[in-house]
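Coordinate analysis (summary)
The primary structure of each chain is shown beneath.
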Number of protein chains: 2
Amino acid sequence: MRVTVLVRPKAGILDPQGEAVRASLEKLGYPVSGARVGRVVDLELATGDVTEARTQVERMCAELLANPLIESVEIEIEAERE
Amino acid sequence: MRVTVLVRPKAGILDPQGEAVRASLEKLGYPVSGARVGRVVDLELATGDVTEARTQVERMCAELLANPLIESVEIEIEAERE
């Protein structure tokens, strides 16, 4: 089962990479008032059970994939999207 | 209008960060057969027109946000998701 995890800097947290993207886009002539850059992690899990997959991925986020102090996490499970 | 751009390493392209994530998750005891890491870019655009937004963001991807040789891009426009 494929799971996509979106890890973004929380609102209010400084995001220098996003600010660099925003400034560069502005310099290129695009009217962009804000840009934030995070990570997308695609995981291929052994389990076929949606509930189990979500539980596992939530634990992975807490242990490795994200820093809950400064990052928010969005979990998209393939079976739910279809 | 908010637009989310997902930039991922193309299939077949080496992804050391994803491989590190996969190995670390395995070491933590999670049965993950694959992991790929990319970027998520959230943009706040001035335009309210979906078609115009898509055209602009496609150009931004070509000019700055992604390397089309090694990365694939997925564009999600807020109005379309709701």
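Refer to the structure printed above.
First things first, this report covers the structure right here in the doc. (Residues numbered from 1 in each chain as written. Chains lettered and ligands numbered in written order. Predicted model: local features only at pLDDT ≥ 70, side-chain atom pairs only at ≥ 80, totals over all residues. Heavy atoms only, no water.)

**With respect to the relation of the copies chain B and chain A**
Expressed as a screw operation, the relation of chain B to chain A combines 0.0 Å of axial shift with a rotation of 180°, fitting to an RMSD of 0.0 Å. Classification of the inter-copy transformation places it as that of a two-fold axis. If distances are taken from each C-alpha of chain B to the rotation axis, the shortest is found for Arg39 of chain B, at 2.2 Å. A share of 100% of the interface residues of chain B reappears at the interface of chain A, consistent with the copies meeting face to face through the same patch. (Least-squares fit on C-alpha atoms with pLDDT ≥ 70 in both. Contact = heavy atoms within 4.5 Å.)

**Regarding the interface of chain B and chain A**
Contact with chain B, which involves 33 residues of that partner, is made by 33 residues of chain A. Summed over both partners, the interface of chain B with chain A buries about 2,700 Å², with 60% contributed by carbon and sulfur atoms. Counting the surface chain B buries against chain A, the share from its top three residues, Arg8, Tyr30 and Val40 of chain B, is 21%. Inspection of the chain B/chain A interface yields two salt bridges. Counting every contact that joins chain B to chain A gives 14 residue pairs in polar contact (both at pLDDT 80 or more). (Buried area = accessible area lost by both parts, 1.4 Å probe. Salt bridge = Lys/Arg side-chain N within 4 Å of Asp/Glu carboxyl O. Polar contact = N/O pair within 3.5 Å; in protein donor to acceptor, adjacent residues only side chain to side chain.)

**Concerning the pairing of strand S1 (residues 2-9) of chain B**
For a regular strand, side-chain orientation follows a simple rule: the groups alternate between the two sheet faces. All names here are of chain B. Burial analysis of S1 places seven of its eight residues in the buried class, the great majority of the element. Summarising the sheet, S1 and strand S3 (residues 71-77) pair through seven bridges and their orientation is antiparallel. Bridge assignment links Thr4 to a residue of S3, and that residue is Glu76. (Buried < 20%, exposed > 50% of the residue type's maximum accessible area, 1.4 Å probe, protein only. Helix = DSSP H or I, 4+ residues; strand = E, 2+ residues; numbered from the N terminus. Pairing = 2+ DSSP bridges.)

**What about helix H2 (residues 50-65) of chain A?**
The end-to-end C-alpha separation of H2 of chain A is 19 Å, well short of the 22 Å expected for 16 residues at 1.5 Å each. Within H2 of chain A, the full set of buried residues consists of Ala53, Gln56, Val57, Met60, Cys61 and Leu65 of chain A. Looking straight down H2 of chain A, one finds that the buried residues subtend no more than 145° of arc, so they occupy a single side. Exposed residues pointing more than 90 degrees away from the buried face of H2 of chain A are listed as Thr51 and Ala62 of chain A. On its buried face, H2 of chain A is in contact with strand S1 (2-9), strand S2 (32-45) and strand S3 (71-77) of chain A together with helix H1 (16-27) and strand S2 (32-45) of chain B. Capping of H2 of chain A at its N-terminal end is provided by Asp49 of chain A; its side-chain oxygen lies 3.4 Å from the backbone amide nitrogen of Thr51 of chain A. (Expected span 1.5 Å × (residues − 1). Arc of directions from axis to C-beta.)

Everything listed is a geometric property; what it means functionally is a separate question.
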